[in-house]
Amino acid sequence: MQGKSGMPTETVKYPWWPYALFVRREAALGQQAEHRGGVTLVGYELLRFGLKQAWACLFGGAMVALLIATWAWYPRGAALARYDFLVVASVMIQLLLIACRMETYDEAKVILMFHVVGTIMEIFKTHMGSWVYPEASLLRIGSVPLFTGFMYASIGSYIARAWRLFDFHFTHHPPLWATLVLSVAIYVNFFTHHYMADVRWLIFAIIALCFGRTWVHFRIWRQHRRMPLLVGFLLVALFIWFAENIGTITNAWLYPNQKHGWSMVSLAKLGSWYMLMIISYVMVSLINPPKGAARLLT
């Protein structure tokens, strides 16, 4: 739903007063840009796009900020280990977002689902030596600190929030049963490739087959724009790869080749994050079924 200014009426769902004030100020800025037109209008839409992206990244951005802040300033030898502090802080951020109505209960459900799915994979991967968590902590399962589940959950949180903020619609979207089967196959391959052939290239081919014709239509301001959904997956996977580099720089986790000194995370990991994006997207689509874009094209 949109108001007269073309702004989504998020204030109805999110009556937290600082956010409501921001929406009103931003709407006034949009009216001024529309009146001036030209470059000003283009600049405003770019600004609006960046603001929406930042708002969608709220939980993930907070997690990355915590990694950096605790790496730089958390006192060594503190009674509460750094990893345990990250767990407590992550829970508090989650509760704060819900209390301030900056996050819906559906988005919280996605975070919970991803926490479980991510933690299970973390337990297996650390057991296989794919990466390690070098610091001590109490709040962990095996060798996996519990804050790691929130790192996975931040991906699902971003997709769920972006889905609402950009009013996603789709053309030529595959049926949900097909995407669900694909996501299960991806998840299973994360485990089985340690014991048998890695079939990720076959999975990539199936991803292209399923989503090759799919376009996502997203609304920055008044009209919907579009891009191939596969390109959208790649862009988000690239940002996750950047965040992973920050995670390893801050010593939150380390790959085997980083134990004796930091080096950039391999670009090959982009493939893994791309596949994880598919799982994330499908999990969110189970809560927010994809809408067709027929009415946007008429």
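Residues numbered from 1 in each chain as written. Predicted model: local features only at pLDDT ≥ 70, side-chain atom pairs only at ≥ 80, totals over all residues. Heavy atoms only, no water.

A. Local environment of the packing of helix α8 (residues 176–192) against helix α11 (residues 269–287). Interaxial distance between α8 and α11 falls to 9 Å at its minimum, and their mutual angle equals 140°. Overall, the two elements α8 and α11 adopt an arrangement that is oblique. Classified by chirality, the crossing of α11 by α8 is left-handed. Touching Leu176, Thr179, Leu180, Leu182, Ser183, Ile186, Tyr187 and Phe190 of α8 are Ser272, Met275, Leu276, Ile278, Ile279, Val282, Ser285 and Leu286, all from α11. (Axes fitted to C-alpha atoms, helices over the stretch in contact; angles between N-to-C directions. Helix = DSSP H or I, 4+ residues; strand = E, 2+ residues; numbered from the N terminus. Parallel < 35°, antiparallel > 145°, perpendicular 65-115°, else oblique. Left-handed = near helix turned anticlockwise from the far one by under 90°. Contact = heavy atoms within 4.5 Å.)

B. The arrangement of the packing of aromatic side chains in detail. According to the stated counting rule, one finds 27 aromatic pairs in the structure shown. Seen in terms of ring centroids, Phe211 and Tyr281 are 6.0 Å apart; in terms of plane orientation they differ by 85°. Their pairing is edge-to-face. Residue Phe211 is located in helix α9 (residues 200–211), and its partner Tyr281 is located in helix α11; the two are separated by 70 residues in the primary sequence. Accessibility classification places Phe211 together with Tyr281 in one group, the buried group. Clustering of aromatic rings is evident, with ring pairs tying together Phe49, Trp163, Phe166, Phe168, Phe170, Trp201, Phe204, Phe211, Phe218, Phe233, Tyr274 and Tyr281. Note that Lys52 overlies the ring of Phe166, its terminal NZ or CZ placed 5.4 Å from the centroid. Sitting above the plane of the Trp215 ring, Arg226 keeps its charged end 3.9 Å from the centroid. (Phe/Tyr/Trp six-rings, centres within 6.5 Å; stacked < 30°, edge-to-face > 60°. Buried < 20%, exposed > 50% of the residue type's maximum accessible area, 1.4 Å probe, protein only. Lys NZ or Arg CZ within 6 Å of the ring centre and 35° of its normal.)

C. Geometry of unusual backbone geometry. Its identity is not glycine, yet His172 carries a phi of approximately 55°, on the positive side. Relative to the elements of secondary structure, His172 occurs in the loop between β3 (169–171) and α8. At Asn251, a residue that is not glycine, the phi angle is positive and equals roughly 65°. Mapped onto the elements, Asn251 comes out in the loop between α10 (229–249) and α11. The exposure class of Asn251 is partly exposed, given its relative accessible area of 26%.

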